[in-house]
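Each chain, letter by letter, is given below.
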Amino acid sequence: MAAQEIDNSTTWGKELWDQFDNIATHTQKGIDFIERFGGFIRDRSAIEVEYALKLRRLVKNYQPKKSKEDEENEFSSLIAFKNVLKEVADLAGQREVVAENLQNQVLQGILLLAKNLREERKKALNQGASLTQSLHTQIGTLDRAKRSYEKAFREAEKAIESYHKADADFHLSRADVEKQRVNMNIRNSQSEDAKSEYANQLQITNKQQQQHYQIALPEVFNRLQELDEKRTRGMKEFIKRSADVEYEVSPIIAHCLEGIVKAADSINEKDDSMIVIEKYQSGFQPPGDIPFEDLSKPDPDAANNSQTHNSSTGLNHMTGKGTTKDKLKKRVGIFGIFTGNKKILEACINVKNNLSTDGLKEDFSDLPPTQRRKKLTAKVQELQQKVAQEQAASDGLMKMKGVYEANSMLGDPRTVEEQLNESVNRLDRLRHELLRYQKLLEQANNQSFIQHSPQSNRVIQNGQRSSRHSNGSSNHENSHEDNGEDHPDDAGSLSRSASESSVQQAQNGLNINNNGSASPESGLGTSHTSLPGSGQGSTNEQPMNEEFYEADTPLGTCRALYPFDATSEGSIPMSEGEELQVIEVDQGDGWTRVRRFSSKGWEEGFVPTSYIECTLYA
């Protein structure tokens, strides 16, 4: 049946019956080829892993650094880029999946198939070699039988020829002739035996050869053919499986690419522009027009300054800053006591404690108005959330305590009482802090700002400082009458320094203290920078309302490093850590003009410069 199938089909056993060596070489090359394909899959998996690793490293290197400010105001382009990085990381994960599936599902199958093919090929070749060796052995036996037959046949012929010669020779005896006849018969008999053996071996050899080339060896070749076809079929399946590995992750990869496109579509340039406005808006208005200076008209300020210089020369040898030399030396001596290392260290510690974790002050007073209101609003919302959470926790503890008191079997109420007290204390602290920030926010919302920014709230005109009104016009400091009459609508008078005020008042003979000398503190009482209702100043001085004080834009903020008790006119007391607005910086006399808002309204005056830490607007 097997022989019939071989004869009726195109197989290696039939068509390649004499190509044993070539078949052996071909099958070896086929197995080497599939193993090489396995090496290709292994190297490709390594490349996929390396690609995924480099993608992840790329995402890590370009991941934006997190900051609290960026989390509050994130640009749409930044959010989109973060989403792109996320999708790229997912792509890296899919490449890792491809590499893993190639190794587990393709490479392992190739290695197993190659191992099985090698074993089957070895068995088939060993069987074919055994069959071939057996056939060659039988052919060798046939050759030996043939040579024996040929030798016996020649010897028989030679014996026959010798007998005929002896029988024809009359000189030989009868015994010699008989001897030749007996030898002839023996040789003929041996020749016949050798012939029979040769015929027998020939029959055996032919039968074995027919069995070998028609049945035994074709079976070996057919097994090798099946083996090679199995290898080819496996190659086909593994190539398709490697493609299927890609197909399995292609929907996820497509989804990642869609996510990248979606991230790009989410970018909105208008929203990003608004975020820039929200992030950097200061709340100030741009400066108005610079007024025209008519040089043909006399400058009243120059005349006043000349009179001031002459008056200051005759009034107790006052300096150009309106301060006596003795008083100036005295101030320097007083302020010099705080130059010790201890006070400097305490001041640094206070400044550090008053800073929040992001480097800003706790009340955000070092920020422009709009940014400060924004920070205060966020802080109030954060504290409100914390108060609500703490209140819920306190209510839960109260309910638990009530349940324990109603049924002592459930628990001891004293175990909850300590936690409840701690919760109440935390709640009180949070409410106190919330109230403080709410007041700061209310003050920031109620405070109105003039149209000038801190950088341009003062201009130099003919060597004198002046401040602009909200309508963009400007008045010189000495535009009021020389008789010392005050004009509440003169915004420029608010920017006058303490020294200029004292000099002007010295001309009018005002605010001379009991010993006849004019101090920088006493000279402040009659200027527009004095507190309303101070009891001293010109007879024409009128109380200044809140709107009047708002006309002077703060140059910045300051924090009191030490407490200060106001003992002279024009100065105001302050407590340690108190926040104030800087109205005018130190002009060299050791005093800084500040302003604060209290329950009585706006208060304004001078404080020692060495007692405060100033933060001026950029």
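Residues numbered from 1 in each chain as written. Predicted model: local features only at pLDDT ≥ 70, side-chain atom pairs only at ≥ 80, totals over all residues. Heavy atoms only, no water.

### Section: the overall build of the protein chain
Next, step 1: Within the protein chain, the regular secondary structure consists of 14 helices and eight strands.
Next, step 2: Among the 618 residues that make up the protein chain, the fraction classed as buried is 38%.
Next, step 3: Contacts spanning at least 24 positions in sequence make up 71% of the contacts within the protein chain whose residues lie at least 6 apart.
Next, step 4: By element, 52% of the accessible surface of the protein chain is carried by carbon and sulfur atoms, the whole surface being about 36100 Å². (Helix = DSSP H or I, 4+ residues; strand = E, 2+ residues; numbered from the N terminus. Buried < 20%, exposed > 50% of the residue type's maximum accessible area, 1.4 Å probe, protein only. Contact = heavy atoms within 4.5 Å. Areas by Shrake-Rupley, 256 points an atom, 1.4 Å probe, with all protein chains shown as cover.)

### Observations regarding the pairing of strand β7 (residues 601–608)
Next, step 1: Of all eight residues in β7, eight are buried, a share of seventy percent or more.
Next, step 2: Across eight bridges, strand β6 (residues 591–598) lies against β7 in antiparallel orientation. Along β7, the bridge assignment pairs Thr 592 with Val 607.
Next, step 3: Between β6 and β7, which follow one another and run antiparallel, lie two residues. (Pairing = 2+ DSSP bridges.)

### Let's talk about the packing of helix α3 (residues 20–61) against helix α6 (residues 174–265)
Next, step 1: Where α3 contacts α6, the axes come no closer than 10 Å and their chain directions differ by 15°. As summarised for this structure, α3 and α6 are arranged roughly parallel, according to the angle between their axes. α6 is crossed by α3, and the crossing has left-handed handedness. Contact residues: α3 offers Phe 20, Ile 23, His 26, Thr 27, Gly 30, Ile 31, Phe 33, Ile 34, Phe 37, Ile 41, Arg 44 and Glu 48, while α6 offers Leu 217, Phe 221, Leu 224, Leu 227, Asp 228, Arg 231, Met 235, Phe 238, Ile 239, Ser 242 and Glu 246.
Next, step 2: The class makeup of the residues in the contact of α3 with α6 is 14 nonpolar, four polar and five charged. (Axes fitted to C-alpha atoms, helices over the stretch in contact; angles between N-to-C directions. Parallel < 35°, antiparallel > 145°, perpendicular 65-115°, else oblique. Left-handed = near helix turned anticlockwise from the far one by under 90°. Nonpolar A, V, L, I, M, F, W, Y, C, P; charged D, E, K, R; others polar.)

### Section: the sheet that holds strand β5 (residues 579–584)
Next, step 1: Reading across the sheet, the five strands line up as β7-β6-β5-β4-β8 and stay open at both edges, with antiparallel pairing between neighbours. Looking at which strands have only one partner, the edges of the open sheet turn out to be β7 and β8 (612–616). Within the sheet, the average angular offset between the axes of one strand and its neighbour, ignoring direction, is 35°.
Next, step 2: Where strand β4 (residues 556–560) and β5 come together, four bridges link them in antiparallel fashion.

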